[in-house]
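Structural overview for review
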Amino acid sequence: MAVPLQSVTINPQIEESWKIILKDEFQKDYFLKLKEFLIEEKKHQIVFPPSSMIFNAFNFTPFDKVKVVILGQDPYHGPGQAHGLCFSVPNGIQKPPSLVNILKEIHTDLGLSIPRGGNLEKWAKQGVLLLNATLTVRAHQAGSHQKKGWEQFTDAAIAAISKEQTGIVFLLWGAYAQAKVVLIDRSKHHILTSPHPSPLSVTRGFYGCKHFSKTNEFLRMQGKPEIDWALE
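What you see is a predicted model, and the numbers here were worked out from it, not measured in a lab. (Residues numbered from 1 in each chain as written. Predicted model: local features only at pLDDT ≥ 70, side-chain atom pairs only at ≥ 80, totals over all residues. Heavy atoms only, no water.)

With 16 residues, helix H3 (residues 29-44) should cover 22 Å at 1.5 Å per step; its first-to-last C-alpha distance of 24 Å lies within 8% of that length. Looking at H3, one finds that the buried residues are Tyr-30, Phe-31, Leu-34, Leu-38, Glu-41 and Lys-42. Down the axis of H3, the buried side of the element spans an arc of 105°, and every buried residue falls inside it. Opposite the buried face of H3, by more than 90 degrees, sit the exposed residues Lys-33 and Glu-36. (Helix = DSSP H or I, 4+ residues; strand = E, 2+ residues; numbered from the N terminus. Expected span 1.5 Å × (residues − 1). Buried < 20%, exposed > 50% of the residue type's maximum accessible area, 1.4 Å probe, protein only. Arc of directions from axis to C-beta.)

Below, the structure written as structure tokens:
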């Protein structure tokens, strides 16, 4: 009999406004199957992030506070890296290459110093929804929880933002994120696209995209507070 590697409880809390917006999703067949999959997965595998952090993107950025959406693909799969915010790592964890490149672009775009750490909670608290399409992953196996139901759940979140909000800035980096454009009403929102910030594609147009200054320009035009992209 396999010894459980971690708690099999899958009951993370989600911020109240999102709980209301997404309440129907939690009862749908796909989500119940997703929950069953995660319970079984945790009996035999290490899963990131910890259960209490799975919904951190929503918990740090309530529905009515969203001003910007950055879309990632799935969580980092190394120990201690994933904490529920796309591209972000907790304090004390080495910055992954894509995050390094994001911070370099901010330095070039806005003249801000490159921070030592890569914890993006400060952005999330200002209204930047840092949402991965897939919210969990098996340790050391990138993409291992794709097509298990998470994409349907996060698509519902994106569609709700598009329908209920106005003037949100969506930053879509790479082909995977850009495929989500079908969920967004272009007549109501601002969409900025570029290649992904990974080392494989960063020089094809992510460097020099100036998405951070452009985002603030869009927010300023609407009379909304700009994002302070500085992390320290």
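Quick look at the pattern of salt bridges now. Following the criterion strictly, the structure yields nine salt bridges and no others. Close ionic contact of Glu-40 with Lys-43 constitutes a salt bridge, the shortest N to O distance being 2.8 Å. Residue Glu-40 and its partner Lys-43 are located together in helix H3, separated by three residues, close to a single helical turn. The exposure class assigned to Glu-40 is partly exposed, which follows from its relative accessible area of 41%. With a relative accessible area of 32%, Lys-43 lands in the partly exposed category. (Salt bridge = Lys/Arg side-chain N within 4 Å of Asp/Glu carboxyl O.)

Quick look at the sheet that holds strand S6 (residues 190-194) now. Spatially, S3-S2-S5-S6 is the arrangement adopted by the four strands of the open sheet, whose pairing is parallel. Lying at the two open borders of the sheet, with one neighbouring strand each, are strand S3 (128-132) and S6. Shown here is a sheet whose adjacent strand axes are inclined to one another by a mean of 20°, direction ignored. Pairing analysis gives five bridges linking strand S2 (residues 68-72) to S3, with the strands arranged parallel. Opposite Val-68, over in S3, you have Val-128 as the bridge partner. (Pairing = 2+ DSSP bridges. Axes fitted to C-alpha atoms, helices over the stretch in contact; angles between N-to-C directions.)

Two elements in contact, H3 and helix H7 (residues 150-164), have axes separated by 9 Å at closest approach and are oriented at 130°. Viewed along their axes, H3 and H7 adopt a mutual orientation that is oblique. Here H3 and H7 pass one another in a crossing that is left-handed. Together, Tyr-30, Phe-31, Leu-34 and Leu-38 of H3 and Trp-150, Gln-152 and Phe-153 of H7 make up the contact between the two elements. Looking at the contact of H3 with H7, its residues break down into six nonpolar, one polar and no charged. (Parallel < 35°, antiparallel > 145°, perpendicular 65-115°, else oblique. Left-handed = near helix turned anticlockwise from the far one by under 90°. Contact = heavy atoms within 4.5 Å. Nonpolar A, V, L, I, M, F, W, Y, C, P; charged D, E, K, R; others polar.)

Turning our eyes to something else, we now look at the pairing of S3. Most of S3 is tucked away, with five of its five residues classed as buried. Of the two faces of S3, both are covered, the one formed by Val-128, Leu-130 and Asn-132 as well as the one formed by Leu-129 and Leu-131.

Geometry of a packed helix pair, given as the angle between the helix axes and the separation of the axes. Orientation of helix H5 (residues 97-110) relative to helix H9 (residues 211-221), taken along the N-to-C sense of each, is 65°, at an axis distance of 8 Å. The residues of H9 that touch H5, namely those facing Ile-102, Glu-105, Ile-106, Asp-109 and Leu-110, are His-211, Phe-212 and Ser-213. Taken together, the residues of the contact of H5 with H9 break down into four nonpolar, two polar and two charged.

This paragraph deals with the nonpolar core. Counting 59 residues, the largest nonpolar core has Trp-18, Phe-55, Phe-58, Ile-70, Trp-123 and Phe-153 as its most contacted members. Sort the elements by how many residues they give to this core and H7 lands first, with seven residues. Those residues within four positions of Trp-18 in sequence are excluded, and the remaining contacts are Phe-58, Thr-61, Pro-62, Phe-63, Val-66, Leu-129, Ala-157 and Ile-161. (Core = buried A, V, L, I, M, F, W, Y, C linked by side-chain atoms within 4.5 Å.)

What follows deals with unusual backbone geometry. Going from Phe-48 to Pro-49, the amide bond is cis rather than trans, its omega being -10°. In this structure, Pro-49 sits in the loop between strand S1 (47-48) and helix H4 (56-60). Its identity as a non-glycine residue notwithstanding, His-140 has a phi of 65°, on the positive side. Of note, His-140 is situated in the loop between strand S4 (137-138) and H7. Residue classification places His-140 among the exposed residues on the basis of a relative accessible area of 57%.

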